[in-house]
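Survey of secondary and tertiary structure
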2 protein chains.
Amino acid sequence: MNAEEIVNTFIARVVAKDLDGACELVAADIEYDNVPMGKVEGPEGIKATLGPMVEGLDEVEFVMLRQTATGNVVMNERVDRFRIGDRWADLPVAGVFEVGPDGLITLWRDYFDQQTLNDQLAALLG
Amino acid sequence: MNAEEIVNTFIARVVAKDLDGACELVAADIEYDNVPMGKVEGPEGIKATLGPMVEGLDEVEFVMLRQTATGNVVMNERVDRFRIGDRWADLPVAGVFEVGPDGLITLWRDYFDQQTLNDQLAALLG
């Protein structure tokens, strides 16, 4: 798999809520950075960040608007969607991924607006 | 010039505060979207948005961290920096650009955190 295929497979597992499967594709020291929130490290960091969220959601969807790749860097423009019951929260995101020479993802960094996320989650939960 | 070269030239002109020159590279109906702030259209929209900012700044710098391109889409990860006197404001940004078949940029969309921009500008101006 090339870098783009690895990232696509990783994302497919995340939205399927298969965090263990997703983390098979990441390096032990992966940097997972939600820019306005801060960064965590490693598969444990990813699971600690996404686990509680994924458990509370009925459905997760990443709508891909655009994706570009050069060498080992993949970037995408997405709308990340989270469903509880019949309500959806939508978050516009731009993501950056880097894949190491061993085919494991070493960087996942998402750019978004924190207030937009807060407002969307409040409406989802309210 | 390919899409990436066109975007690089456009950005070089923006940071040189040459908005007229930059706008020679954009389509008449370009969408310029600062995601948390909203979108404007056309060269007039770009000049109305960036003109007052550029005039009040002593220096503008876009530090490129990563750039990827696939076909007519270019994405980059940047730190946009704005200087007044000896103070700098730094804004982490992920940008999306699309280039039309005539070589003119039809989309410039930047993802960032609005509160980070507000805090940085307050510190710059304070």
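Please read all numbers here as calculations on a predicted model, not as lab measurements.

Bringing the overall build of chain A into the picture now. The number of helices and strands found in chain A is four helices and six strands. The order of helices and strands in chain A, counted from the N terminus, is α-α-β-β-α-β-β-β-β-α. In terms of C-alpha radius of gyration, chain A reaches 14 Å, essentially the compact-globule figure of 14 Å for 126 residues. By residue count, 48% of the 126 residues in chain A fall in the buried class. At a minimum sequence separation of 6, the contacts of chain A that also span at least 24 residues come to 48%. Here chain A contributes 10 positively and 23 negatively charged side chains, and the mean placements of these two sets differ by 4 Å.

Turning to the relation of the copies chain A and chain B, a few remarks are in order. Copy one and copy two of the chain differ by a rotation about an axis and a translation along that axis. Mapping chain A onto chain B is achieved by rotating through 180° and translating by 0.0 Å along the same axis, at an RMSD of 0.0 Å. With respect to symmetry, the two chain copies, as superposed, fit the operation of a two-fold axis. Within chain A, Asp113 of chain A has its C-alpha nearest the rotation axis, a separation of 2.1 Å. When the interface residues of chain A are mapped onto chain B, 100% of them are again interface residues, pointing to one common binding face.

Turning our eyes to something else, we now look at the interface of chain A and chain B. With 23 residues of chain A at the contact, the number on the chain B side is 23 residues. Taking both sides of the interface into account, the surface hidden between chain A and chain B amounts to around 1800 Å²; carbon and sulfur atoms contribute 60%. The largest contributions to the chain A side of the interface with chain B come from Arg66, Met75 and Tyr111 of chain A, which together make up 33% of the buried area. There are four salt bridges connecting chain A and chain B. Across the pair Arg66 of chain A and Glu98 of chain B runs a salt bridge, and its minimum N-O distance is 2.6 Å. Along the contact surface separating chain A from chain B lie eleven residue pairs in polar contact (both at pLDDT 80 or more). For the side of chain A that touches chain B, the secondary structure elements donating two or more residues are strand 3 (59-70), strand 4 (73-84), strand 5 (87-99), strand 6 (105-111) and helix 4 (114-125) of chain A. Among the residues making up the side of chain A that touches chain B, the classes are represented as twelve nonpolar, six polar and five charged.

This brings us to the pairing of strand 1 (residues 26-34) of chain B. Residue and element names in this part refer to chain B. The pairing of strand 1 with strand 6 (residues 105-111) spans five bridges and is classified as parallel. Across the sheet, residue Val26 finds its bridge partner in strand 6, namely Ile105. Pairing analysis gives four bridges linking strand 1 to strand 2 (residues 38-41), with the strands arranged antiparallel. Counterpart to Glu31 in the pairing with strand 2 is Glu41.

What follows covers the sheet that holds strand 3 (residues 59-70) of chain B. All names here are of chain B. Ordered in space as 2-1-6-5-4-3, the six strands form an open sheet in which the pairing is mixed. The outermost strands of the open sheet, each flanked by one partner alone, are strand 2 and strand 3. Pairs of neighbouring strands in the sheet enclose a mean axial angle of 20°, with direction left out of account. Its contacts with the sheet place helix 1 (residues 3-15) against strand 1, strand 3, strand 4 (73-84), strand 5 (87-99) and strand 6, and it is angled at close to 170° to strand 3. Most of the contacts of helix 4 (residues 114-125) go to strand 5, to which it runs at about 140°, and overall it touches strand 4 and strand 5.

This part is about the packing of aromatic side chains. Residues and elements named next belong to chain A. Considering all chains together, one arrives at six aromatic pairs over all chains under this definition. Arranged with centres 5.3 Å apart and planes meeting at 85°, the rings of Phe10 and Trp108 form a pair that is edge-to-face. On the criterion of sequence distance, the pair formed by Phe10 in helix 1 (residues 3-15) and Trp108 in strand 6 is long-range, its members being 98 residues apart. In this structure Phe10 comes out as buried when scored by relative accessible area, which is 0%. By relative accessible area, Trp108 is classed as buried at 2%. Pairing Phe97 with Trp108 gives two aromatic rings, centres 5.7 Å apart and planes at 20°, and the pair type is stacked. Of this pair, Phe97 sits in strand 5 while Trp108 sits in strand 6, placing them eleven residues apart in sequence. Taken together, the ring pairs in this structure connect Phe10, Tyr32, Phe97 and Trp108 into an aromatic cluster. One Lys or Arg, Arg81, reaches over the ring of Trp88 and ends 4.2 Å from the middle of that ring.

About the cut-offs
Residues numbered from 1 in each chain as written. Chains lettered and ligands numbered in written order. Predicted model: local features only at pLDDT ≥ 70, side-chain atom pairs only at ≥ 80, totals over all residues. Heavy atoms only, no water. Helix = DSSP H or I, 4+ residues; strand = E, 2+ residues; numbered from the N terminus. Rg over C-alpha atoms; globule rule 2.2 N^0.38 Å. Buried < 20%, exposed > 50% of the residue type's maximum accessible area, 1.4 Å probe, protein only. Contact = heavy atoms within 4.5 Å. Lys, Arg positive; Asp, Glu negative; His and termini not counted. Charge placed at Lys NZ, Arg CZ, Asp CG, Glu CD. Least-squares fit on C-alpha atoms with pLDDT ≥ 70 in both. Buried area = accessible area lost by both parts, 1.4 Å probe. Salt bridge = Lys/Arg side-chain N within 4 Å of Asp/Glu carboxyl O. Polar contact = N/O pair within 3.5 Å; in protein donor to acceptor, adjacent residues only side chain to side chain. Nonpolar A, V, L, I, M, F, W, Y, C, P; charged D, E, K, R; others polar. Pairing = 2+ DSSP bridges. Axes fitted to C-alpha atoms, helices over the stretch in contact; angles between N-to-C directions. Phe/Tyr/Trp six-rings, centres within 6.5 Å; stacked < 30°, edge-to-face > 60°. Lys NZ or Arg CZ within 6 Å of the ring centre and 35° of its normal.

Spatial relationships are all this shows, so hold off on functional conclusions.
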